[in-house]
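A closer look at the structure
Listed below are the residues making up each chain.
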Amino acid sequence: MGTLDLHMHSTASDGSLAPDELVRFCVHECGVRTMALTDHDTVAGVEEAARAAAREGIVFVPGIEISTRYAGKTIHIVGLGINPHHEELLTVTTRMCSERDSRAVRMAARFAELGIDGMLEEAMTFSARESNLSRLHFAKALMKRGIVKNQQEAFDKFLGEGKAAYVGAPWGPVSSAVELIHKARGIAVIAHPGRYKFDADWQLDALVEGFRECGGEGIEVVSGSQSPEFTERALRYARTYGLAVSAGSDFHSLSGTRPRPGAQGELPQGYTSVLKLLGLAKA
Ligand code: AMP
Ligand code: MN
Ligand code: MN
Ligand code: MN
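What counts as what
- Residues numbered from 1 in each chain as written.
- Chains lettered and ligands numbered in written order.
- Predicted model: local features only at pLDDT ≥ 70, side-chain atom pairs only at ≥ 80, totals over all residues.
- Heavy atoms only, no water.
- Pairing = 2+ DSSP bridges.
- Helix = DSSP H or I, 4+ residues; strand = E, 2+ residues; numbered from the N terminus.
- Domains from an automatic or database assignment.
- Contact = heavy atoms within 4.5 Å.
- Buried area = accessible area lost by both parts, 1.4 Å probe.
- Salt bridge = Lys/Arg side-chain N within 4 Å of Asp/Glu carboxyl O.
- Polar contact = N/O pair within 3.5 Å; in protein donor to acceptor, adjacent residues only side chain to side chain.
- Nonpolar A, V, L, I, M, F, W, Y, C, P; charged D, E, K, R; others polar.

Quick word on the sheet that holds strand β3 (residues 59-70)
Strands sit in the order β1-β2-β3-β4-β5-β6-β7 across an open sheet of seven strands; the sheet is mixed. Of all the strands in the sheet, just β1 (4-5) and β7 (244-248) have a single pairing partner and so form its edges. By the bridge criterion, two bridges tie β1 to strand β2 (residues 34-37) in an arrangement that is parallel. Its bridge partner being in β2, L4 is matched across the sheet by T34.

Written out as structure tokens, the structure is:
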């Protein structure tokens, strides 16, 4: 049972536990003692999670997972230790949440063209908020209607890039996300680098190099969203570019495919960790 988890979602985006429930679950069911909440494109859950973590007496890192575009793919940049009240962060993320909502309307129109009606309403029943709809909410709606058997099938048939109901979102470049995280006094971490399916290896190398050049500080070397075999390559990036290492489950819900909080595994020894950059550990 791992005691650290620096990448998790709540109902503020596409997770299924409320921020305070997630904290209690982490502490009482999973033994997590240091955690970050990193919802997609929002800090709406951070204050509630921080209060719950203070009550439980654990270390809480305010975070976010920002959507960006690079080489025709969606790349996620995690911000850790951010000030959740930072004005520009709030302005930009509020705009991103409404972009998610207009994308959802367009996705529902694509479903209607495919003869599947009412998908916006159905997807919204899976979102605790009125805003910040995710493709995962649509996947749940498809499963509920029996149109697909599981999440993977929903993405393979309808929601993945280029699939029948896919609608792109106008996410900015990686450099803008890094800059925004820095303005909000956080450190920037490349999320689950092993999950991006580039055609050629050099494209991932170029992504990591570009991330470093614009001031990015960390990389998830252990992630519930990538294979354990990828850790060696991620550690090579950490060494080559002097990036600090991070670890997180990418937990969304108990019924999901990701490990439970903390169960992704520990940070490797012998590397500078993001916790050190955050002033929370010696190494
Ligand atoms: P969005 O951020 O709204 O574009 O939706 C992407 C989210 O869907 C991810 O953050 C995951 O939580 C979830 N997801 C689940 N399975 C997949 C998959 N096979 N491909 C992409 N996203 C997935
Ligand atoms: Mn998600
Ligand atoms: Mn992600
Ligand atoms: Mn995530």
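Here's the deal with the domain arrangement of the protein chain
Taken domain by domain, the protein chain holds domain 1 (3-93 + 170-277) and domain 2 (94-159). On the domain 2 side, the residues contacting the 18 residues of domain 1 number 13 residues. Interface of domain 1 and domain 2: buried area, both sides summed, is about 1400 Å²; carbon and sulfur atoms make up 52% of it. Taken together, the connections running from domain 1 to domain 2 amount to one salt bridge. The salt bridge involving R100 is made with D41; its shortest N-O contact spans 3.0 Å. Applying the counting rule to domain 1 against domain 2 returns 15 residue pairs in polar contact (both at pLDDT 80 or more). Elements represented by at least two residues in the side of domain 1 that touches domain 2 include exactly β3 and α3 (87-113). Take the side of domain 1 that touches domain 2: its biggest share by element is four residues, from α3. Per-class residue counts for the side of domain 1 that touches domain 2 are seven nonpolar, nine polar and two charged.

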